[in-house]
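Each chain, letter by letter, is given below.
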Amino acid sequence: MQEFDFLVIGSGSGLDVANAMAGRGNSVAVVEEGRLGGTCLNRGCIPSKQLLYHAEVLETIEGADAFEIDAEVTDIDFAEIVRKVNEDVAGSSESIRRGLESSNSHDLFSGTGRFVDDRTVEIVDGDDAGATLRADTVLVATGTRPSIPPIDGIDGLNYLTSTEALQLETAPDRLVIVGGGYIAAELGHFFGTFGTDVRIVGRREHLLPEADAEVGEAFTDRYADRFDVYTGYEAVAAEEADGEVTVEARPYPEADSVRAGDEPVGAPEEAEPVTVAGDELLVAAGRRPNTDSLNLDATGVETDANGFVETDEYLRTDAEGVWALGDVVGEYLLKHSANHEAKAVVRNLLGDEPEPVDYSAMPFAVFASPEVAGVGAREQDLREADAEYAMNTYAYDDTARGSAMHAEGFVKVLIDLDGNIEGCHIIGPEASNLIEEVVVAMTAGSGTVADIRDAVHIHPALSEVVDRAFSGQFSRGGGHDYGHHHHG
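Residues numbered from 1 in each chain as written. Predicted model: local features only at pLDDT ≥ 70, side-chain atom pairs only at ≥ 80, totals over all residues. Heavy atoms only, no water.

### Some words on the packing of aromatic side chains
Quick reminder of the rule: Working definition: a ring pair exists when centres of Phe, Tyr or Trp rings (six-membered ring for Trp) sit within 6.5 Å. Plane angles under 30 degrees give stacked, over 60 give edge-to-face, the rest tilted. Charge-over-ring contacts are defined here by two conditions on Lys NZ or Arg CZ: a distance within 6 Å of the ring centre and an angle within 35 degrees of the ring normal.
Across all of its chains, the model carries 10 aromatic pairs by this definition. Look at Tyr 223 and Phe 227: their rings are 5.1 Å apart centre to centre, the planes differ by 85°, and that puts the pair in the edge-to-face class. A network of ring pairs unites the aromatic residues Phe 78, Phe 190, Phe 191 and Phe 194 as a single cluster. Here the guanidinium or amino end of Arg 226 rests over the ring plane of Tyr 223, the centre of that ring lying 5.5 Å away.

Here it is as structure tokens:
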């Protein structure tokens, strides 16, 4: 039995807490079964955004003729693009390993950690199999992995998840993607830009069901121009023959998204099943928590129906001295959320008064084409809550810079009747950057329209589209009015 002050299982954002604890003179154990750095670095945001930037460069060149520039692409070394990105990622992961191995205050254990009781963990496989560790404080930060829906025949198939898709050294000729969320959207854009014929099968009414519905609808329309998109369809069976994958999909009645007073949404009543074929199948249908191998039954740690770890608002689990953060708690499966949670755990472990995690202005972005970003409430949330609100949208091409860029898209602002910002949703170029001033206004400012309206915006920068959306004429919504709002 080896004793430590602090033990973390998982080496993503949990390392931020481990480093803070080590910095205060605590002995720290880090348990990791794979490469160091977690999902984001190894098989998530870092490789995907690096690859997606290559797609952005290619898309820019291909769109040059709209600006009277005659450009042609003579060669693309796709395999080299993927190799360079994966080399870069492996290098970063290795440097984390070297840092931990050379540290006097961290002990790294390679293998799967399994609880024996609340604060005792044994390593059951890997290089350090057989080690048993005990700590005063334990942090569960084991993240998630791709979730595979119950599709008939899927187990016999050689399908891809996002992990393998990010390492493919040739772009498939035809790719079927099951799932309609941001991973499907981003990878569809990446492969589609490099010449793959993309077909997307998603259960919900729109792609990006987590986004504001108006943004999701606009995004789906743009994707339907680029790809074969089957929304409102559920993949039910898949088979592989002669190097071709065939997916059978049926209309999916979306019982949970019926709007008050509206007809049920989803595939139309008379919709027929569809068969979608391709060379490769990518399953991008959500993520499931890595809690099944932890043997949490040996502890007081509770999980929800989907296996995510339950915590209080300070990120403490039901077991004394056991904390959790990141994707495994299932609040927001985003790296910046996990980093935000890590800061909270450090404050709550080392500070005098515990402080709850503030999720009130947690933004998200989708690095597809078009780009999407949002923060705060969506219009469908406000309508569901019967809240009174006002809404305004402003189009990119009504600004000088947006017009110069031939930019499509809009900024949508939702406020309460006192002018407090409820939410902001953006579809169009640089959405992930443009959302940030709204996040700052909601976090550090007064959180009102005036924060944005009264700040001087550079003319003619793209940020004017945000300024104008906040400065324009708002239209009332909410209460018991379920009418659809048109762009003001």
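### Regarding the UniProt feature "domain: Pyridine nucleotide-disulphide oxidoreductase dimerisation" (unreviewed entry) in the chain
We apply this condition: UniProt positions are given in the numbering used here, feature names are shortened, and annotations may be inferred rather than shown by experiment. The helix count covers DSSP runs of H or I at least four residues long, the strand count covers runs of E at least two residues long, and both are numbered beginning at the N terminus.
The residues that UniProt annotates with the feature "domain: Pyridine nucleotide-disulphide oxidoreductase dimerisation" (unreviewed entry) are residues 362-469. Here residues 362-469 is 31% helix and 27% strand, with 20 Å between the C-alpha atoms at its ends.

### With respect to the state of the cysteines
Note the threshold: In plain terms, two cysteine sulfur atoms within 2.5 Å form what is called a disulfide here. Exposure classes here rest on a 1.4 Å probe applied to the protein chains alone. A residue is buried below 20% of its type maximum, exposed above 50%, and partly exposed in between.
The full count for this structure, using the stated rule, is 1 disulfide. Between the sulfur atoms of Cys 40 and its disulfide partner Cys 45 the distance amounts to 2.3 Å. Disulfide Cys 40-Cys 45: torsion about the S-S bond near -140°, hence left-handed. The exposure class of Cys 40 is buried, given its relative accessible area of 13%. Given the relative accessible area of 25%, Cys 45 is considered partly exposed.

### Notes on unusual backbone geometry
Here the amide bond leading from Ser 369 into Pro 370 is cis, since omega sits at 5°, within 30 degrees of zero. In this chain, His 459 is followed by Pro 460 through a cis amide linkage whose omega measures 0°. Its location among the elements puts Pro 460 in the loop between helix H13 (449-453) and helix H14 (464-471). Backbone geometry at Leu 315 places phi at a positive 80°, although glycine is not the residue there. Examined against the element boundaries, Leu 315 turns out to sit in the loop between strand S15 (287-289) and strand S16 (322-324). Although it is not a glycine, Glu 430 adopts a positive phi angle of roughly 60°. Of note, Glu 430 is situated in the loop between strand S21 (421-427) and helix H11 (431-434). Here Glu 430 falls in the partly exposed class, since its relative accessible area comes to 38%.

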